[in-house]
Amino acid sequence: MRLILLGPPGAGKGTQAQRLIHKHNIVQLSTGEMLRAAVAAQTPVGLRAKDIMASGGLVPDEIVIGIISDRLDQPDMKNGFILDGFPRTVPQAEALDDLLRKKHMRLDAVIELRVNESALLSRVETRVAEMRARGEEVRIDDTPEVLSKRLASYRSLTEPLIHYYSERRKLLTVDGMMTIEHVTREINRILAAIGAVETRTTRKPARMAARKTVRPARKAAKVAKKAGKKPAKTARKAGKATSGRTRKTVRGSAKGSGKGLARQGGKAAKKVTKKRAKA
Ligand code: AP5
Ligand code: MG
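No experiment lies behind these values; they were computed from the predicted model shown.

Considering the site of ligand 1
- Inspection of the region around ligand 1 gives 32 residues, with Pro9, Gly12, Gly14, Gly32 and Gly85 positioned closest.
- Elements represented by at least two residues in the shell around ligand 1 include exactly helix 1 (13-24), helix 2 (31-41), helix 3 (44-55), helix 6 (117-133) and helix 9 (180-193).
- Per-class residue counts for the shell around ligand 1 are 11 nonpolar, 14 polar and 7 charged.

As structure tokens, then:
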């Protein structure tokens, strides 16, 4: 599974990424975390990024693209990954498209966590309190002043990605105002509906029903071929239509944004499953 989590500072990208990587045994790629590690280690990248991050701006595209490109080459990427905080600009998204194409990797979805701006400050304050309680060093950019600059960067440079991925039928939007647990459940439901992960409730019955439909169609064609006859049209079409229609209907739901559309993904999956089961 290959996923992007998109959302403003404090939306819950890191929180959800952590929950998802454990459930699906994949890797989190957080450019923010990587840059903070580089700053702490005082590497050349860290030295360039330090002041930019402290002021709430964005680190230059070529730096973060280089970091992600190197990381995607590592062997632990084979099960899949969640990109958290990357891409953040249209040029970064275009560079990611190129990288994935060259590496023969395909993106499953971009999940936008939509959160009211008024909730973000208190979330960041919560994180500061949590980090202090754990005895960790507080993030230098977790102040009201820097948060408002990070939000401005998000609006002008990152929000255009909502349109970018919506046009490419990759975007799914989740209401990030729900509880952490509900957001995780909703993301997992969407991932199952688009076929990015297997679940007992949606995938298995659909596959079993498909087998029932496809096999007799192929068998009929084989028998007809042996007998020197043309196979019956309906039998041939039945197999093709079953597999083709499912993908189109469920993938179609990835277009656009809003919770409603995400929900349609689930309904579409159920409808197809029912249809198959009947067939
Ligand atoms: P980065 O580290 O990516 O920060 P960010 O995008 O500002 O996002 P945050 O980490 O602040 O928020 P989050 O969405 O992860 O929320 P979290 O889960 O922690 O980037 C930092 C900087 O690095 C950037 O400003 C930039 O300078 C640079 N950078 C990074 N990537 C870059 C790139 N690609 N290009 C250029 N520059 C780049 O949650 C926050 C709090 O809310 C937690 O306390 C959590 O418990 C709580 N919470 C989470 N979900 C919920 C919920 N549903 N309900 C209630 N509370 C919740
Ligand atoms: Mg984060």
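Having seen the structure, we can now continue with the description.
So, the environment of Lys23
- Note on placement: Lys23 falls in helix 1.
- Sequence separation of Lys23 and Asn188 is 165 residues, and the distance between their C-alpha atoms is 9.6 Å.

Quick look at unusual backbone geometry
- In this structure, the amide linkage connecting Phe86 to the following residue, Pro87, adopts the cis form with an omega of -5 degrees.
- Inspection of the secondary structure puts Pro87 in the loop between strand 3 (81-84) and helix 5 (90-102).
- Even without a glycine there, the phi angle at Asn25 is positive, about 55 degrees.
- In this structure, Asn25 sits in the loop between helix 1 and strand 2 (27-30).
- Residue Asn25 is classed as exposed on the basis of its 9 C-beta neighbours within 10 Å.

Focus on the environment of Leu29
- For Leu29, the position within the fold is in strand 2.
- Residues Leu29 and Ile67, 38 residues apart in the sequence, show an inter-C-alpha distance of 9.9 Å.
- When sequence neighbours within four positions are dropped, the list of residues in contact with Leu29 reads Ile68, Arg71, Phe81, Ile82, Leu83, Asp84 and Phe86.

Focus: the sheet that holds strand 1 (residues 2-6)
- Taking strand neighbours across the sheet as the criterion, the 5 strands line up as 2-3-1-4-5 in an open arrangement whose pairing is parallel. Only two strands of the sheet have a single partner each, and these edge strands are strand 2 and strand 5 (171-175). Pairs of neighbouring strands in the sheet enclose a mean axial angle of 25 degrees, with direction left out of account.
- Pairing of strand 1 with strand 4 (residues 109-114), which is carried by 4 bridges, proceeds in the parallel orientation. Among the inter-strand pairings, Leu5 is bridged to a residue of strand 4, identified as Ile111.
- Along the sheet face, helix 8 (residues 160-167) touches strand 1, strand 4 and strand 5 and points at about 125 degrees away from the line of strand 5.

Conventions and cut-offs
Residues numbered from 1 in each chain as written. Chains lettered and ligands numbered in written order. Predicted model: local features only at pLDDT ≥ 70, side-chain atom pairs only at ≥ 80, totals over all residues. Near = placed C-beta within 6 Å. Helix = DSSP H or I, 4+ residues; strand = E, 2+ residues; numbered from the N terminus. Nonpolar A, V, L, I, M, F, W, Y, C, P; charged D, E, K, R; others polar. Buried ≥ 20, exposed ≤ 12 C-beta atoms within 10 Å, placed from the backbone. Contact = placed C-beta atoms within 7 Å. Pairing = 2+ DSSP bridges. Axes fitted to C-alpha atoms, helices over the stretch in contact; angles between N-to-C directions.

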